[in-house]
Amino acid sequence: MRILICGAQGFLGRHISQILQDAGHEVCHGVRKPKLPERLTDPEEIAINYAQDTEPAIWEKHLRSLGQIDVIINAVGILNETTELSFDAIHRDAPAALFYAAARCGVKAVIQISALGGTNEAEHSETMTGYMRSKRAADKVLMDIGPGGLNYLILRPSLVVGTDGGSSQLFRGMASLPVLGLPGRGEQQVQPVHVNDLCAAIALWLVDENRHSMVLNAVGPQALSYRRMLEIYRTAMGMPAQCMFSIPMPVMRFAARAATLLPQNLLTPDSLRMLEQDNIADATSFATHLGRPARSHKDWFTGIPAHMLASSAIAGWSLPLFRYVLALVWFVTAAVSFGLYPISGSLALLQPLGLSGAPAMFMLMAASTLDLCLGMATLLWPRRILWLMQIALIVGYSGIIAIYSPEYYLHPFGPVLKNLPILALLVYLFAHQTVTRKDTK
């Protein structure tokens, strides 16, 4: 079959593409940023933009440019809205336009990756989040077109487990923390499904000669509490039991509202509400479709060494922590030099260098400004060249102190020797930035 996967660069899209190519299907990728022509290799790519491609005519043009497409898989999704990306556009309008265009262009089938939602969804639709409402709206469009128009499979997964999945990386990072606060008692229910089972369900439906349109809840074999899921992640990383404490839900809701003011998209009122509504379903239909039970948590990370899972999880939160602490050092140093410490005392430190009066004041203000700029750059512009600049600066002024004020090396508080752990931190950041840069090429 010739299959178009929209969202092929995402976590689910990558895995689905690989499974289908291994099965011998001809796969085309619908992506936001196609590779340059000279770097383009199979599979074929076309540029799509769910934020703007909300008219059937646009999708008809896309589809006809690809020739005959037998199946379309929609794996595009966002967890949180931004000023440029809305749930309605990404989850409802663009998919609906795609489905209408598919029916007009003779596409045989559509696979829609939706979401499971809460167990009380039908009875409390007014409490559904914008994320879930937009997903359900697209599902309804596809089901309405389906009879006599499109054969469809609507997959509604719970949390999807995979070593390279965003949610799995987040939960592993949380599970690797020394101490963790849980929303309430952490008894919210989830039913994670492994990404390989999700891909297997798609592959099986495609090869079924008698396939029929269906809505399938893609869930693991058993429901787990949020607390238990984190314990499973920690066990998989070979770590001892984690210290967990309960955070009252009113406090969590206030924190979620406050967190919207910060540059993050993990803790939001909607994400907390979806967690509170539980995310579970009967696993029988999914297991019947697979012809076997879905993977249990014991098989989530089979063949992956625990230390590899742990190191990547710890890096996920330690690297930002290092940057924030380093930025704080520069900011505090700047503030102290700007006047929190008596200016006269700071100027006295420059006298061994032969600086006094206006030149000394200029040097102090210039150094303070540089510290402030380095703090801002550490937060907003993490680059290898930045870490090298900071290493050179610290080595440089440590050398100057060794020549003009060597007594500070013997100071009981060790003010200069404390540069060594900062240098080690900078070397670590530089090394990690080098690895990250190579991985993205």
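Up top you'll find the structure we're talking about.
Keep in mind it's a predicted model, so treat the numbers as computed, not measured.

### Description of the overall build of the protein
When helices and strands are counted, the protein shows 15 helices and 13 strands. Counting only C-alpha atoms and orienting by the principal axes, one finds that the protein spans roughly 90 × 50 × 40 Å. Taking all 441 residues of the protein together, 45% fall into the buried category. Across the protein, every contact between residues at least 6 apart in sequence was considered, and the portion connecting residues at least 24 apart equals 75%. Summed over all atoms, the accessible surface of the protein reaches about 22500 Å², with 62% contributed by carbon and sulfur.

### Focus on the nonpolar core
Ranked by size, the top nonpolar core spans 36 residues in total, and within it Leu4, Cys6, Tyr50, Trp59, Ile72 and Phe99 carry the most contacts. For this core, the secondary structure elements donating two or more residues are strand 1 (2-6), helix 2 (56-65), helix 3 (87-104), helix 4 (130-145) and strand 6 (151-157). Element by element, the count of residues in this core is highest for helix 3, at 9 residues. In contact with Cys6, other than residues within four places in its own chain, are Gly30, Ile48, Tyr50, Trp59, Ile73, Asn74, Ala75, Val76 and Leu98. Counting 34 residues, the second-largest nonpolar core is a separate cluster that includes Val27, Val71, Leu155 and Leu216.

### Here's the deal with unusual backbone geometry
Here the phi dihedral of Asp278 falls at roughly 65 degrees; this positive angle occurs in a residue that is not glycine. On the secondary structure map, Asp278 appears in the loop between helix 9 (269-276) and helix 10 (284-290).

### Remarks on the sheet that holds strand 5 (residues 109-113)
Sheet architecture is open: 7 strands sit in the order 3-2-1-4-5-6-11, paired in parallel fashion. Sheet topology places strand 3 (44-47) and strand 11 (214-218) at the edges, where each strand pairs with a single neighbour. Strand-to-strand twist across the sheet, computed as the mean angle between neighbouring axes with direction ignored, equals 20 degrees. As paired strands, strand 1 and strand 2 (residues 26-31) are joined by 5 bridges and run parallel to one another. Its bridge partner being in strand 2, Arg2 is matched across the sheet by Glu26. Running at roughly 160 degrees to strand 6, helix 4 makes contact with strand 5, strand 6 and strand 11 of the sheet.

About the thresholds
Residues numbered from 1 in each chain as written. Predicted model: local features only at pLDDT ≥ 70, side-chain atom pairs only at ≥ 80, totals over all residues. Heavy atoms only, no water. Helix = DSSP H or I, 4+ residues; strand = E, 2+ residues; numbered from the N terminus. Buried < 20%, exposed > 50% of the residue type's maximum accessible area, 1.4 Å probe, protein only. Contact = heavy atoms within 4.5 Å. Areas by Shrake-Rupley, 256 points an atom, 1.4 Å probe, with all protein chains shown as cover. Core = buried A, V, L, I, M, F, W, Y, C linked by side-chain atoms within 4.5 Å. Pairing = 2+ DSSP bridges. Axes fitted to C-alpha atoms, helices over the stretch in contact; angles between N-to-C directions.

Geometric values such as these leave the question of function open.
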